[in-house]
Amino acid sequence: MLGLALLLAACTPAEPPQAGLDETAQSRPPIVFPDTWRFSADDAPVTAERAMVVSTDIYASELGARIMQEGGNAVDAAIAVSFALAVVKPNAGNIGGGGFMVVRMADGTTAALDYREKAPLEATRDMFLDDRGELTGKSMLGHLAVGVPGSVMGLWEAHRRFGTLPWADLVEPAAELADGFEVHEGFRRDIANKESDLRLYETTAATFLPGGRIVDIGETFAQPELAATLRRIRDRGADGFYRGETADLIVAEMERGQGLISHRDLEAYTAAWRDPIEFTYRGFTVLSMPPSSSGGTTMAEMANMVETYDLAEMPWHSTQMIHLLAESWRRSYADRNAYLADSDFIDVPLERLTAKAYAVARAADITDRATPSADVGPGLEPPREGDHTTHLSIVDASGNAVAVTTTLNLSFGSKVTVAGAGFLLNNEMDDFTAKPGTPNFFGLVQGEDNGVEPGKRMLSAMTPTIVSRPDGTLFFVTGSPGGGRIITTVFQTIVNVVDYGMNVAQAVNAPRVHHQHLPDQIMYERGALTPTVLAELEARGHVMVERVEDGGLSGNVQAIMVMPDGTLQAASDPRGRGAAIGW
Ligand code: DON
């Protein structure tokens, strides 16, 4: 058990919120959330002088802070935190899934690492359709839903390029957590929320419901098989997962459940360094994830459209503001769903989609009325033929910044635990277009280019993002889960700090809205909009749908703001149970 109290004591609650954008913020009216909204605009960010970790679990954040105190950099901390989340946040943290890392080093080096899962080599385009061509549901549950995991290779590759502490020192703390940690409310709740799903597979039930019951707060939860797996990874690096005993156990699990992943798949898996998507938004530089995530590209397109309007002149969460956001999102997601896919397989028109001039043309038909999505096709000519992810943001004492979003896709992924190895496998195959024209779990109606092909990565919406100020200094690190809602969630945090001068806690606490082209509706968190704004948006022709899932909430942002004097402020989304820890 780690020395929590010590590090928690090192976090000082901030003075009343200060805005991120200093001078301009002084003249702004204070941010007021609707009376109906459950979180406060007055929460103080967590502050720290030198380094900060914000993740979805306190043990993981605490470990990351300790790694940096011991001399590790932000990438070292991100690796340790990622492994720890696989133990203490098993519905999303993982070694059996995949993710993305965006890095901005203090020396100006930037990088994006794609460790998204790949379709197994035996996968076929119609593998999720039955004889009548109907969807079977097997892209979501069980062994066929599993993509070849990328997380261990990604973390290994990140360490190879940027790591400074020994690999073993970053993996062993997670193994120690797997030896046993004290259950807290967040962990108990994650298990309780999915108890019936966790009973679907015997090994999963045995792992997460020991003795057939939900572990109580204060009890020690041990995962000995996972601890052994992590120690193989500690000792052999990526080979401790992709070859040898762990690989044998994965392949045996696949054979047991008629899954497709073979030794060949595991041995062939590679993570890929890619050029980050880089764009400016009102002079700020935004670095985010390129394909196989749609996040950075789609966010660039919406930002370019919104930038042509003076958003700050529109009161925050006014009818005009929400209407403009929704119309830009509708158009950006129409393009996302049509053009974006794994760029190793498909020629994705990234430059055209992210060009400022394209956004101006794309926004030209935005009026005061909602444009029906049926009238909004993909924008490029000629048209082509046919909760549960986890984010962590880290800034170290040298000013290196890392944003990681990683996932098993749905909560606890495919629900399949590798027998003998103690970890869950993803159900990322559902992010492919299983059947063109039909929505996936997140309601995204995606295109042919994102169809299943052997070795291809399924399109993601994960958007780990790092923003710097017009003068080039590091400003903001952000990201979230939420499936298709991730891109708009991340963009709203940027709009909140850049256009509305919110501090990081306000930007994270603020209510959220979403539009993804199809279904043609604005989703809003419960209580997010005043009755007047709702009525006015309806009068403009928008279909307004209050979110019911997840208690009416959407996303789980973990964000850090670097203040002009270099101190750090952070907020872990009150929608979740994460923690910001710094020193
Ligand atoms: O990569 C994606 O876009 C999805 N697999 C993310 C899933 C997710 O965020 C689930 N959490 N709510």
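Shown above is the structure to which this text applies.
Because the structure is predicted, anything quoted here is derived from the model rather than measured.

1. Some thoughts on the sheet that holds strand β17 (residues 544–546)
Consideration 1: Taken in spatial order, the three strands of this open sheet run β15-β16-β17, and their pairing is mixed. Pairing within the sheet leaves two strands with one partner each, and these edge strands are β15 (513–514) and β17.
Consideration 2: In the sheet, strand β16 (residues 522–524) pairs with β17 via three bridges, with the strands oriented parallel. Paired with Tyr524 across the strands is Glu546, a residue of β17.

2. What about the pairing of strand β13 (residues 465–468)?
Consideration 1: Residues Thr465 and Val467 line one face of β13 and the alternating positions Ile466 and Ser468 line the opposite face, and both faces are buried.
Consideration 2: For strand β10 (residues 284–288) and β13, the ladder comprises three bridges, and the chain directions are antiparallel. In the sheet register, Thr285 faces β13, and the bridge partner there is Ser468.
Consideration 3: Judged from the four bridges that link them, β13 and strand β14 (residues 474–478) form a sheet pairing that is antiparallel. Within β14, the position partnered with Ile466 by the bridge is Val477.
Consideration 4: Counted between consecutive antiparallel strands, the loop separating β13 from β14 contains five residues, among which Gly472 sits at a positive phi close to 90 degrees.

3. Overview of the packing of aromatic side chains
Consideration 1: Taken as a whole, this structure holds 18 aromatic pairs when the rule is applied.
Consideration 2: Taking 5.5 Å as the distance between ring centres and 45 degrees as the angle between the ring planes, the aromatic pair formed by Phe33 and Trp316 counts as tilted. You can see Phe33 sitting in the loop between α2 (22–26) and β2 (46–48) and its partner Trp316 sitting in the loop between α14 (295–307) and α15 (319–339), a full 283 residues away along the chain. Here Phe33 matches Trp316 in class, with each residue buried.

4. Section: the sheet that holds strand β4 (residues 98–104)
Consideration 1: Here we have seven strands laid out as an open sheet, ordered β8-β5-β4-β12-β11-β3-β20, and antiparallel in their pairing. Of all the strands in the sheet, the pair left with one neighbour each is β8 (272–274) and β20 (579–582). Averaged over neighbouring strand pairs, the angle between their axes works out to 15 degrees when direction is ignored.
Consideration 2: Inspection of the sheet shows strand β11 (residues 389–395) paired to strand β12 (residues 401–407) by seven bridges, in the antiparallel sense. Bridging across to β12, Val395 finds its partner in Ala401.
Consideration 3: Relative to β11, helix α4 (residues 74–88) is tilted by about 155 degrees, and along the sheet it contacts β3 (52–55), β4, β11 and β12.
Consideration 4: Contacts from helix α5 (residues 151–162) reach β4, β5 (110–115), β8 and β12 within the one sheet, and its direction differs from that of β5 by about 155 degrees.

So, how was this worked out
- The written sequence of each chain sets the order in which its residues are numbered from 1.
- Only residues with pLDDT of 70 or above have their local features reported here, since the model is predicted, and side-chain atom pairs are shown and tallied only from 80 upward, although totals for entire chains, interfaces and linings are computed over all residues.
- Only heavy atoms go into the side-chain values, all of them from the structure, while hydrogens and water stay out.
- Should DSSP find at least two bridges between two strands, the strands are regarded as paired.
- Each helix is a run of DSSP H or I of at least 4 residues and each strand a run of E of at least 2, with the numbering of both proceeding from the N terminus.
- Only protein chains enter the accessibility calculation, which uses a 1.4 Å probe; a residue whose area is less than 20% of its type maximum is buried, one above 50% is exposed, and one in between is partly exposed.
- Working definition: a ring pair exists when centres of Phe, Tyr or Trp rings (six-membered ring for Trp) sit within 6.5 Å. Plane angles under 30 degrees give stacked, over 60 give edge-to-face, the rest tilted.
- What counts as an axis is a line fitted to C-alpha atoms, over the stretch in contact for a helix, and the angles between N-to-C directions run from 0 to 180 degrees.
- Whether two residues are in contact is decided by their heavy atoms: any pair within 4.5 Å suffices.

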